[in-house]
Amino acid sequence: MIRNNWKKEEIAEIYYRPLLDLIHEAATIHRDNNDYSEVQVSSLISIKTGGCSEDCAYCPQAARYNTGVDVQALMKLDDVVDAAEKAKAGGASRLCMGAAWREVRDNRDFDRVIDMVKGVNEMGMEVCCTLGMLTETQAQKLADAGLYAYNHNLDTSKEYYKEIISTRTYNDRLDTLDNVRKAGISVCCGGIVGLGETHADRIKMLHTLATMPEHPESVPINALVAVVGTPLESNQKVDVWDMVKMIATARILMPKAMVRLSAGRATMSVSDQALCFMAGANSIFTGEKLLTTPNPTFDEDKAMFELLGLTPREAFKEEKELIG
Ligand code: SF4
């Protein structure tokens, strides 16, 4: 049953269950609601890198931190289409394009992003963008160009958010998510573990996601990749059990969402990742880089899929099933 009326206490009861019980229940719910052998594979490219005016404490692309990231202007349309072809050949059904912007501005860069969306959509791939804050009109323009999904993460709980970002508010995030929903675009929204938040913050973030009027179609669970030069450079590596706990709880709360094992995968063993798939993860990013941080390659993931008996989900499967 899909519920949007979860209480924080109920979520805490799930989150704090003995780990094996939690994994077992999440795996059961996953198998009841999804084809558990299928994993959605996305490829993420940075179409505009670095030089961002925001102060997200985890982000190497913020201009104010000295992280050695090379600032790069918006990519050319042809280069994006080439990257999409490479990603498709590597097994990705979705291309996610990320730009290090505070917000979308109505200028020629946005026009070029619209052309990118059209170009990749015509290749039969699902297109996702993560471009910062978005107005309702901009969201509609992206939808008209064929944008499939928009990523905008909550990062953490409302209470802890201000410790991580001071240049915008939690409500700004929620407003953009509303604009994306109104335009009929699929919502990709999750968070990051390892920012220094408490377990209660994690539970609160999951509560916000699971009580949205419609659950996000895609829920990325990221492990912080602590990058030298950012304020969080000394944060401890996230324990795999914390990731498993978050993924399993998200799966139980949002049975039909794509729960995405996202940043931090590069340092996970195949057995760690297998546990995450068991706990209900059914989406990954593939390709050497995740914006600016390392990620397993297409070939490594292909070998892992073969070992675990997983197959990549085809693009637009939900729509095809509805039509079929
Ligand atoms: S996470 Fe996005 S908005 Fe925040 S600093 Fe990085 S690029 Fe800018």
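Relevant structure appears above.
Everything quoted here is computed from the prediction, not taken from an experiment. (Residues numbered from 1 in each chain as written. Predicted model: local features only at pLDDT ≥ 70, side-chain atom pairs only at ≥ 80, totals over all residues. Heavy atoms only, no water.)

Caption draft 1: Representation of helix H8 (residues 199-210) in the model. Compared with an ideal rise of 1.5 Å per residue, which puts 12 residues at 16 Å, H8 spans 16 Å between its outermost C-alpha atoms and is within 8% of the ideal. Buried residues of H8: Asp201, Arg202, Ile203, Met205, Leu206, His207, Leu209 and Ala210, and no others. In this structure, the buried residues of H8 make contact with helix H1 (8-15), helix H6 (158-164), helix H7 (170-182), strand S6 (191-193), strand S7 (218-223) and helix H9 (240-253). (Helix = DSSP H or I, 4+ residues; strand = E, 2+ residues; numbered from the N terminus. Expected span 1.5 Å × (residues − 1). Buried < 20%, exposed > 50% of the residue type's maximum accessible area, 1.4 Å probe, protein only. Contact = heavy atoms within 4.5 Å.)

Caption draft 2: Looking closely at the pattern of salt bridges. All chains considered together, the criterion is met by 15 salt bridges. Residue glutamate 197 is joined to arginine 202 by a salt bridge in which the shortest nitrogen-to-oxygen separation is 2.7 Å. The burial state of glutamate 197 is the same as that of arginine 202; both residues are buried. Overlapping salt bridges bring together Glu54, Arg102, Glu103, Arg105 and Arg168 as one network. (Salt bridge = Lys/Arg side-chain N within 4 Å of Asp/Glu carboxyl O.)

Caption draft 3: Up close: a nonpolar patch on the surface. On the surface, Val270, Leu307 and Leu308 cluster together into a nonpolar patch covering about 250 Å² of accessible area. In this structure, valine 270 sits in helix H10 (residues 270-278). (Patch = residues over 30% accessible without salt bridge, like charges linked within 9 Å, V, L, I, M, F, W, Y side chains within 5 Å. Areas by Shrake-Rupley, 256 points an atom, 1.4 Å probe, with all protein chains shown as cover.)

Caption draft 4: Focus on the packing of helix H3 (residues 77-89) against helix H4 (residues 108-122). Between H3 and H4, whose axes approach to 10 Å, the crossing angle comes to 30°. In this structure, the crossing between H3 and H4 has a hand that is right-handed. Across from Leu77, Val80 and Ala84 in H3, the residues of H4 making contact are Arg112, Asp115, Met116 and Val120. For the contact of H3 with H4, the residue count by class is 5 nonpolar, no polar and 2 charged. (Axes fitted to C-alpha atoms, helices over the stretch in contact; angles between N-to-C directions. Left-handed = near helix turned anticlockwise from the far one by under 90°. Nonpolar A, V, L, I, M, F, W, Y, C, P; charged D, E, K, R; others polar.)

Caption draft 5: A look at the nonpolar core. Of all hydrophobic cores here, the largest spans 94 residues; its most connected members are Ile47, Tyr58, Met97, Val113, Leu131 and Leu142. Per-element tally for this core: the top contributor is H9, with 9 residues. In contact with leucine 142, other than residues within four places in its own chain, are Phe110, Val113, Ile114, Val117, Leu131, Leu134, Leu147, Tyr150 and Ile185. If you look at the next biggest cluster of nonpolar residues, it comprises 6 residues, including Leu44, Cys96, Cys128 and Ala149. (Core = buried A, V, L, I, M, F, W, Y, C linked by side-chain atoms within 4.5 Å.)

Caption draft 6: Here's a closer look at the pairing of S7. In terms of residue burial, S7 counts as a mostly covered element, since 6 of its 6 residues are buried. The alternating pattern of S7 places Ser218, Pro220 and Asn222 and Val219, Ile221 and Ala223 on opposite faces, both of which are buried. Where S6 lies against S7, 3 bridges are found, and the strand directions are parallel. The residue of S7 that forms the bridge with glycine 191 is isoleucine 221. Handedness of the crossover joining S6 and S7 through H8 is recorded here as right-handed. Bridge analysis of S7 against strand S8 (residues 258-261) gives 4 bridges, and the strand direction is parallel. In the strand pairing of S8, serine 218 is matched with methionine 258. This β-α-β element, S7 to H9 to S8, shows right-handed connectivity. (Pairing = 2+ DSSP bridges. Right-handed = clockwise from strand over helix to strand, strands pointing away.)

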